[in-house]
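Spelled out from the first residue to the last, the chains are:
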Amino acid sequence: MDKDILGKIEIQQGDITQLDVDAIVNAANTKLLGGGGVDGAIHRAAGSKLLEECRAVGGCPTGEARITKGYNLRARHVIHTVGPVYSGKPKDSQLLTNCYLNSLKLAVDNNLATIAFPAISCGVYGYPIEDACKIAVDMSYEFLKRNPSLKKIIFVQFSPKDYAVYEAYFKSTSPS
Ligand code: ADP
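Being a predicted model, the structure only gives us computed values, none of them experimental.

So, how was this worked out
Residues numbered from 1 in each chain as written. Predicted model: local features only at pLDDT ≥ 70, side-chain atom pairs only at ≥ 80, totals over all residues. Heavy atoms only, no water. Axes fitted to C-alpha atoms, helices over the stretch in contact; angles between N-to-C directions. Helix = DSSP H or I, 4+ residues; strand = E, 2+ residues; numbered from the N terminus. Contact = heavy atoms within 4.5 Å. Nonpolar A, V, L, I, M, F, W, Y, C, P; charged D, E, K, R; others polar. Expected span 1.5 Å × (residues − 1). Buried < 20%, exposed > 50% of the residue type's maximum accessible area, 1.4 Å probe, protein only. Arc of directions from axis to C-beta. Core = buried A, V, L, I, M, F, W, Y, C linked by side-chain atoms within 4.5 Å. Salt bridge = Lys/Arg side-chain N within 4 Å of Asp/Glu carboxyl O. Phe/Tyr/Trp six-rings, centres within 6.5 Å; stacked < 30°, edge-to-face > 60°. Near = heavy atom within 4 Å. Polar contact = N/O pair within 3.5 Å; in protein donor to acceptor, adjacent residues only side chain to side chain. Areas by Shrake-Rupley, 256 points an atom, 1.4 Å probe, with all protein chains shown as cover.

## Re the packing of helix H2 (residues 37–46) against helix H3 (residues 48–57)
Next up, step 1: In contact at an axis separation of 6 Å, H2 and H3 are set at 115° when each is read in the N-to-C sense. Residue-level inspection shows Ile 42, His 43 and Ala 46 of H2 in contact with H3, the latter providing Leu 50, Leu 51 and Cys 54.
Next up, step 2: Of the residues belonging to the contact of H2 with H3, the class tally is five nonpolar, one polar and no charged.

Structure below.
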């Protein structure tokens, strides 16, 4: 993988709601009305206006993405995407790829330069982190090659274990 493109990808461990970026991505559900995990944390930090705007958006099919403002978050926007519930079937990886692709497209279409992703589908939805990590990083790398206006993609892992998976994958792809 190319060093300059890889330099635009960052991995962090922590709480995505604290990041000062153009957009944080929410691992939402199809109703877009909040929930547990990262979705709940984002809604709590953004305040009730986020729920109001989500209500007006009116839902989002699996694999697609929708953009709202960030309200009380430091992030200017929230991009809501709905990951697949892991079933072990080939369609899972296609849907997860679409989540990353459609979120990144929305960012570029809205002239955003920095975006942060949680591990979509890797909590309650049960997607194995090792497989999801490859999809996230490979898709983002290809997207960055074709979209130079995007300056930074951050992958934020809540748990040290998930962070270690990302770190190991990065080591294996980086030129020595
Ligand atoms: P899904 O339903 O898509 O699986 P979850 O919210 O259950 O979504 O989990 C997605 C990932 O987000 C998990 O890896 C979980 O550890 C992580 N997560 C939960 N809270 C936060 C947070 N505040 N910041 C970043 N990641 C988080």
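## Describing helix H6 (residues 160–173)
Next up, step 1: Taking 1.5 Å of rise per residue, 14 residues should cover 20 Å, and H6 covers 20 Å from first to last C-alpha, within 8% of that figure.
Next up, step 2: Taken together, the buried positions of H6 are occupied by Asp 162, Val 165, Tyr 166, Tyr 169, Phe 170 and Thr 173. All buried residues of H6 fall inside an arc of 130° around its axis, so they share one side. Among the exposed residues of H6, those pointing more than 90 degrees away from its buried face are Pro 160, Lys 161, Lys 171 and Ser 172.
Next up, step 3: On its buried side, H6 packs onto helix H1 (3–6), strand E1 (9–13), helix H4 (90–109), helix H5 (129–146) and strand E6 (152–157).

## Observations regarding the nonpolar core
Next up, step 1: Of all hydrophobic cores here, the largest spans 39 residues; its most connected members are Tyr 100, Ile 115, Phe 117, Phe 155 and Tyr 166.
Next up, step 2: When residues of this core are assigned to their parent elements, the largest contribution, 10 residues, is made by H5.
Next up, step 3: Leave out the neighbours within four places in its chain, and Ile 115 touches Ala 23, Val 25, Ile 79, Ser 103, Leu 104, Ala 107, Leu 150, Lys 152, Ile 153 and Ile 154.
Next up, step 4: Leu 19, Ala 28, Leu 73 and Val 78 belong to the second largest nonpolar core, which has 18 residues in total.

## Some points on the pattern of salt bridges
Next up, step 1: Under the criterion given, the structure shown has six salt bridges.
Next up, step 2: Glu 10 serves as the salt-bridge partner of Lys 152, at 3.2 Å between the closest nitrogen and oxygen. Here Lys 152, found in strand E6, pairs with Glu 10, found in strand E1; they are 142 residues apart in sequence, far enough to count as distant.
Next up, step 3: Accessibility expressed as a relative area gives 22% for Lys 152, which makes it partly exposed.
Next up, step 4: Residues joined in a network through salt bridges with shared partners are Asp 20, Asp 22 and Arg 76.

## Focus: the packing of aromatic side chains
Next up, step 1: Counting across every chain of the model gives five aromatic pairs.
Next up, step 2: Here Tyr 100 and Phe 117 contribute two aromatic rings whose centre-to-centre distance is 4.8 Å and whose plane-to-plane angle is 45°, an arrangement assigned as tilted. Pair noted here: Tyr 100 is in helix H4 and Phe 117 is in strand E5 (residues 114–117), with a separation of 17 residues, a long-range link. This pair shows no difference in class: Tyr 100 is buried, exactly as Phe 117 is.

## Some remarks on the site of the ligand
Next up, step 1: Neighbouring residues of the ligand: 15 residues in total, closest Asp 15, Val 38, Ser 121, Gly 123 and Val 124.
Next up, step 2: Residue Tyr 125 places a main-chain N or O atom 3.0 Å away from an oxygen atom belonging to the ligand.
Next up, step 3: In the complex, the protein chains occlude 89% of the 570 Å² of accessible area that the ligand would expose alone.
Next up, step 4: With three residues, H2 is the single largest residue contributor to the shell around the ligand.

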